[in-house]
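# A structural walkthrough
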Amino acid sequence: MSEIRARFSQLMSMLLFFYTCAALIFSCNETEAEKPNLLFIMMDDLGFGQFAVHNHSLNVEAFDPYFTELVTARGDYRPEQALEFSRRAMPTLSELAGAGVVFTSAFAPSNLCAPSRISIATGRTQQSRGIYINVDVENLGLERGSHLAHQLQDLGYGTAHIGKWHIGARRKQMITEVLKRHDIDKGYSYGALKTIHPAAYEELRQAGYYGSVVDEHHPLHNGFDYYYGYNNWASQFYGSTLVWENYEHAGVQPGYNTDHFTDKAMEFMDGKIRKKQPFYVQLHYHAVHDSLEPKAPQKYFSKFPSDSYDLTNFYAHVYGVDANIRRILDYLEERQVLENTLIVFTSDNGAQAGLSGGCGPSALPGNAPFPGTKGSFFQGGLRVPLVFYWPHGINQRRERKQLVSTMDILPTMIDAAGGRVPSGLDGKSLLKWLTTDTEQKVRDRLMWAGIHSRAWGFNIHKSFVDRGKERHFAPPAYVVATDSFLLRYTGHIEPDLYHEYPAGAGPVYQLYNFPNDPAESHNLAEQKPEIVQDLKAAYLEWSLSFRSPITWRVDKWEEIAGRSY
């Protein structure tokens, strides 16, 4: 009898063990299924005023006067026509914003794409690593393990980056190998080879050198399972040779890149949905960076008939992105996973806002109602659209006025996925502001420092020099913004640089009540010196963490580094 009891007890223990294991497995699977899918969509150089969600209350009087003057003088489209096109170019994103959370005081970490993107990727401001301009990033790249996608990969997400990367160094070894094959002993840069050794240059171009990335900075070494993209500031809409798939050059890109990048993203999502694995996808489109002259596909182009090729084509490219987002939404809904997919949409910085032959035909309204463009420390260079959509987690449409940064995107994704946001980040999780009615501040202030340039917008027409030289001589600047005020310091302006200052100019402080004065028309610096001093002190304390620039001129940096040498 005792032996039977012992066997019965052993059997019950085994059954209890198997039941516990089964329960744990079920619990893990259930938890895994509850994790939201994550989709991070970013356009390149889309302006605040070009984003339909923001401009329904906009009027042409709020457009930048000089940009409007240039467009009117050319005479191929009316400002009213541009406003009308912008309002209907993004029906899908307008729909998402109508059911999601829109942050109306969202800022990029930088006025330029590569510094902005590396800060978004890491959740940290870039100045502490010596990054101020694009070339700084191209020479330094990511620190291993700093991309926050690692956090999502560790949480069991399938991770993919599609489209523009531009946060790593290129594979210069490719140049060495090609020079050796052509028996060229002397070292040359890629650009120099174009005229000195055209055959070597063409071989490198066809091999995708300018879109390449070294292994250390490659997405597959930095939190991603799959990569299809280019490590450059731009990529051709058609026939690009810059694109790589994982570690292999992808050859000549087929079709139109907005459509093709979407295809690749959907293929990846489909694989993860079939495996019941949550996904995190970064879909970073090329549109609407310059090189916009190629005509958008007719199915998009025909939606915006006008006498201006540039106006029609610009909003056709914008609409192409929106139409592809619709494709994704329809697919996710068909697979019954849209309800628990958190989608975020933004731009990497402000619009170039210029005319053909200068900085790309980036149309009105540009960054209205804010002045300035990409590359400048006016609000137009820094203010960006920011929309979150998540049917499962966002129970009502909200418009938020809190001061936020696109550095907050990945911490929010990690938090929504059930992960722990790493300490010490400059980015913050916005999950509470997505899912509750809190009116709490996200932060007290945001700060920026770097180049204050006209090279990427319509103001280049007020310079004595071309875009390349202007970027070299442009003054340094810093900005501090709170919920109420924006302080901007602009450093020394060199002689023979700008039409307004032919003899040069000394540094200036400007203070604006930016919620009530979006055009920055009333400088309050003399009226409110105590606010100037408070914001200046906050900046100077922050600047103690700065490293000297990797590539940017040291003398420019020293002006805003907050300490003497």
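Let us look at the structure shown here. (Residues numbered from 1 in each chain as written. Predicted model: local features only at pLDDT ≥ 70, side-chain atom pairs only at ≥ 80, totals over all residues. Heavy atoms only, no water.)

### Observations concerning the overall build of the protein
Summing up its helical and strand segments, the protein has 19 helices and 16 strands in all. Counting only C-alpha atoms and orienting by the principal axes, one finds that the protein spans roughly 110 × 65 × 55 Å. A buried classification covers 58% of the 565 residues belonging to the protein. Looking at the protein alone, contacts between residues at least 24 apart form 72% of all its contacts between residues at least 6 apart. (Helix = DSSP H or I, 4+ residues; strand = E, 2+ residues; numbered from the N terminus. Buried < 20%, exposed > 50% of the residue type's maximum accessible area, 1.4 Å probe, protein only. Contact = heavy atoms within 4.5 Å.)

### Some remarks on helix α8 (residues 173–181)
Since there are 3.6 residues in each turn of an α-helix, residues three or four apart along the chain are aligned in direction. Restricting attention to buried positions, one finds in α8 the residues Met 174, Ile 175, Val 178 and Leu 179. Viewed along the axis of α8, the buried residues span an arc of 130 degrees, placing them on a single side of the element. Counted as exposed and oriented over 90 degrees from the buried face of α8: Lys 180 and Arg 181. The secondary structure elements touched by the buried residues of α8 are α9 (190–196), α10 (198–206) and β6 (244–245). (Arc of directions from axis to C-beta.)

### Focus: the packing of aromatic side chains
Per the counting criterion, the structure on display carries 34 aromatic pairs. Residues Tyr 238 and Tyr 256 carry aromatic rings whose centres are separated by 5.5 Å and whose planes lie at 40 degrees to one another, so their mutual orientation is tilted. Here Tyr 238, found in the loop between β5 (226–230) and β6, pairs with Tyr 256, found in the loop between β7 (248–249) and α11 (257–274); they are 18 residues apart in sequence, far enough to count as distant. By relative accessible area, Tyr 238 is classed as partly exposed at 34%. Judged by relative accessible area, which is 4%, Tyr 256 ranks as buried. A connected cluster of aromatic rings, assembled from ring pairs, spans Tyr 132, Tyr 478, Tyr 489, Tyr 509, Tyr 539, Trp 542, Phe 546 and Trp 552. Here the guanidinium or amino end of Lys 295 rests over the ring plane of Phe 301, the centre of that ring lying 4.5 Å away. Positioned above the aromatic ring of Phe 48, the side-chain terminus of Arg 383 is 5.5 Å from the ring centre. (Phe/Tyr/Trp six-rings, centres within 6.5 Å; stacked < 30°, edge-to-face > 60°. Lys NZ or Arg CZ within 6 Å of the ring centre and 35° of its normal.)

### What about the packing of α11 against helix α13 (residues 309–334)?
At a closest axis distance of 10 Å, the pairing of α11 and α13 adopts a crossing angle of 15 degrees. Between α11 and α13, the angle is such that the two are roughly parallel. For the element pair α11 and α13, the recorded crossing hand is right-handed. Together, Thr 258, Asp 259, Thr 262, Asp 263, Met 266, Met 269, Asp 270 and Ile 273 of α11 and Gly 320, Val 321, Asn 324, Arg 327, Ile 328, Tyr 331 and Leu 332 of α13 make up the contact between the two elements. Each residue belonging to the contact of α11 with α13 can be placed in one class, and the counts come to 7 nonpolar, 4 polar and 4 charged. (Axes fitted to C-alpha atoms, helices over the stretch in contact; angles between N-to-C directions. Parallel < 35°, antiparallel > 145°, perpendicular 65-115°, else oblique. Left-handed = near helix turned anticlockwise from the far one by under 90°. Nonpolar A, V, L, I, M, F, W, Y, C, P; charged D, E, K, R; others polar.)

### Remarks on the sheet that holds strand β13 (residues 446–451)
Spatially, β13-β14-β15-β16 is the arrangement adopted by the 4 strands of the open sheet, whose pairing is antiparallel. Single-partner strands in this sheet number two, and they are β13 and β16 (508–512). Strand-to-strand twist in this sheet, taken as the mean axis angle between neighbours without regard to direction, amounts to 10 degrees. Sheet analysis places strand β15 (residues 486–490) next to β16, joined by 5 bridges and oriented antiparallel. Across the sheet, the residue bridging to Arg 488 is Gln 510, located in β16. This element, helix α18 (residues 529–543), spans β13, β14 (476–481), β15 and β16 of the sheet and lies at about 70 degrees to β13. (Pairing = 2+ DSSP bridges.)

### Some words on the pattern of salt bridges
Summed over all chains, the structure comprises 31 salt bridges. Here Asp 437 makes a salt bridge to Arg 398, at a shortest N to O gap of 3.2 Å. Remark: Arg 398 occurs in strand β11 (residues 398–400) and Asp 437 occurs in the loop between α16 (431–435) and β13; sequence separation between them is 39 residues. For Arg 553, the salt bridge is made with Asp 555, and the minimal N-O distance between the two is 2.7 Å. Because the salt bridges share partners, they merge into one network encompassing Asp 44, Arg 117, Lys 164 and Asp 348. (Salt bridge = Lys/Arg side-chain N within 4 Å of Asp/Glu carboxyl O.)

### Some remarks on the sheet that holds β7
Strand order in the open sheet made by the 10 strands is β7-β6-β5-β4-β8-β1-β9-β10-β2-β11, with mixed pairing throughout. Here the strands that pair on one side only, and so sit at the sheet edges, are β7 and β11. Sheet topology note: the strand β4 (residues 158–164)/β5 ladder contains 5 bridges and is parallel. Considered in β5, the bridge of Lys 164 is made with Tyr 230. On top of the sheet, helix α5 (residues 113–122) reaches β1 (37–43), β4 and β8 (279–284); it is set at about 165 degrees to β1, its chief contact.

### Comments concerning the pairing of β1
Successive side chains on a regular strand alternate, one facing one side of the sheet and the next facing the other. In terms of burial, β1 is largely enclosed, as 7 of its 7 residues are buried. Side chains Asn 37, Leu 39, Ile 41 and Met 43 of β1 all project onto a buried face; the interleaved residues Leu 38, Phe 40 and Met 42 project onto the opposite face, where all are buried too. Note that β1 and strand β9 (residues 341–347) share 7 bridges and pair parallel. Within β9, the residue paired with Leu 39 across the bridge is Ile 343. With 5 bridges connecting them, β1 and β8 associate as parallel partners. From the neighbouring strand, Ile 41 faces β8, where its bridge partner is Leu 283.

### Observations regarding unusual backbone geometry
Omega for the peptide link from Leu 364 to Pro 365 comes to 5 degrees, which places this bond in the cis form. Residue placement: Pro 365 occurs in the loop between β9 and α14 (379–382). With a phi close to 55 degrees, Asn 246 is a non-glycine residue in the positive phi region. Of note, Asn 246 is situated in the loop between β6 and β7. Overall, Asn 246 belongs to the partly exposed group, its relative accessible area being 23%. Unlike most non-glycine residues, Asp 496 shows phi in positive territory, near 60 degrees. Here Asp 496 is to be found in the loop between β15 and β16. On the basis of relative accessibility, which here comes to 55%, the residue Asp 496 falls in the exposed class.

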